[in-house]
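Residues per chain are reported as follows:
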Amino acid sequence: MLHLCQKICPCLSSKPEPQDNALPIRNKRVEKGRLHRDTYYISAATQGWRPSMEDRYCNFLHFQSGMQFYGVFDGHAGSHTAQMLTEHLFNIICAQETFRSATKNMDDYLSKNDPNYNNSNNQEMTDQENKNTIAKKLSTSLEVQKSISPQLNNQITNRYIQGISSGFIQMDNQLSQDNQIQIDISGSTGVVVMIDQIGNFYCSWLGDSRAIISHGGRAQELTYDHLPTNPEEYLRIKKAQMF
């Protein structure tokens, strides 16, 4: 599985790249691709002045739901936490019951309203048949996208949001039990953008990782810095008796 992910996301490789000791390291890792007929992406990472590369990114497609997942993780004091987020956060989110429920609701709606849609997930299908099924899932017409009722759309998006939130919490709990964290004491901020089959955007983040969208030729912030100096966050930390 990791070998496959490394092909999709080269930054998953833990092998250090050959380089001299001169800083800054200006070499860039660049990945570009397409996860949807209307979505192209480019990801890039550079080490800069730091003694080692601590950051990670990933770009995934969830075959069952057609959900696109783009993540950037800013590691601190080591790369282990960012690496774990890259490898596991996406799968943990997709495994949440609320996420799976939203996926089923979306499948039921699209299979009834789009004659080209195929919601089968037969593991016995050939690779080409799987590719054709995935392609149909990602080619939902704009007419079908726009015809979904606000009530059903809200129901699906709320469940996806619940799945994303609970996935972040489960990932944090998993990291707290990771023995490797006791060795390298690393941490990470992160920002994730997910896009469902009818074009809804979901943005979630921790820390000061940021996301910006260009809409109508204007830049709009999708995030605000999640810092302990924010009054609400400060009160939450005090209430939890963390500091």
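So, here's what we can say about the structure. No experiment lies behind these values; they were computed from the predicted model shown.

1. Examining the overall build of the chain
In terms of helices and strands, the chain carries eight helices and eight strands. Out of the 243 residues belonging to the chain, those deemed buried represent 42%. Of all intrachain contacts in the chain linking residues separated by at least 6 positions in sequence, the fraction that spans at least 24 positions is 57%.

2. Description of the sheet that holds strand E6 (residues 201-206)
The strand order E3-E4-E5-E6 describes an open sheet built from four strands, whose pairing is antiparallel. The two strands at the open ends of the sheet, each matched to only one other strand, are strand E3 (56-61) and E6. Adjacent strand axes in the sheet meet at a mean angle of 10 degrees, parallel and antiparallel pairs treated alike. In the sheet, E3 pairs with strand E4 (residues 68-76) via six bridges, with the strands oriented antiparallel. If you follow Arg 56 over to E4, its bridge partner there is Phe 73.

3. Quick word on the packing of aromatic side chains
This model, assessed by the stated rule, comprises seven aromatic pairs. When the centroid spacing of 5.6 Å and the interplanar angle of 75 degrees are considered together, the rings of Tyr 160 and Tyr 202 count as edge-to-face. Note that Tyr 160 is positioned in helix H6 (residues 150-176) and Tyr 202 in strand E6, a separation of 42 residues in sequence. Using a relative accessible area of 1% as the deciding quantity, one classes Tyr 160 as buried. Through a chain of ring-to-ring contacts, the aromatic side chains of Phe 60, Phe 69 and Phe 90 assemble into a single cluster.

4. Observations concerning the pairing of E3
Of all the six residues making up E3, six are buried; the element is thus mostly covered by neighbouring parts of the structure. Of the two faces of E3, the one carrying Arg 56, Cys 58 and Phe 60 and the one carrying Tyr 57, Asn 59 and Leu 61 are both buried. Here E3 folds back onto E4, and the loop between the two strands holds six residues, one of which, Gly 66, carries a positive phi near 75 degrees.

5. Considering the nonpolar core
Among the nonpolar cores identified, the biggest contains 29 residues, and Phe 69, Leu 89, Ile 93, Tyr 160 and Met 194 are the most heavily contacted of them. Secondary structure elements with two or more residues in this core: E3, E4, helix H2 (80-94), helix H3 (97-113), H6 and strand E5 (187-195). With eight residues, H2 is the largest single contributor of residues to this core. In terms of nonpolar packing, the next biggest core, distinct from the first, is built from eight residues, Leu 35, Tyr 41, Leu 61 and Ile 195 among them.

Each value, and the rule that gives it
- Residues numbered from 1 in each chain as written.
- Predicted model: local features only at pLDDT ≥ 70, side-chain atom pairs only at ≥ 80, totals over all residues.
- Heavy atoms only, no water.
- Helix = DSSP H or I, 4+ residues; strand = E, 2+ residues; numbered from the N terminus.
- Buried < 20%, exposed > 50% of the residue type's maximum accessible area, 1.4 Å probe, protein only.
- Contact = heavy atoms within 4.5 Å.
- Pairing = 2+ DSSP bridges.
- Axes fitted to C-alpha atoms, helices over the stretch in contact; angles between N-to-C directions.
- Phe/Tyr/Trp six-rings, centres within 6.5 Å; stacked < 30°, edge-to-face > 60°.
- Core = buried A, V, L, I, M, F, W, Y, C linked by side-chain atoms within 4.5 Å.

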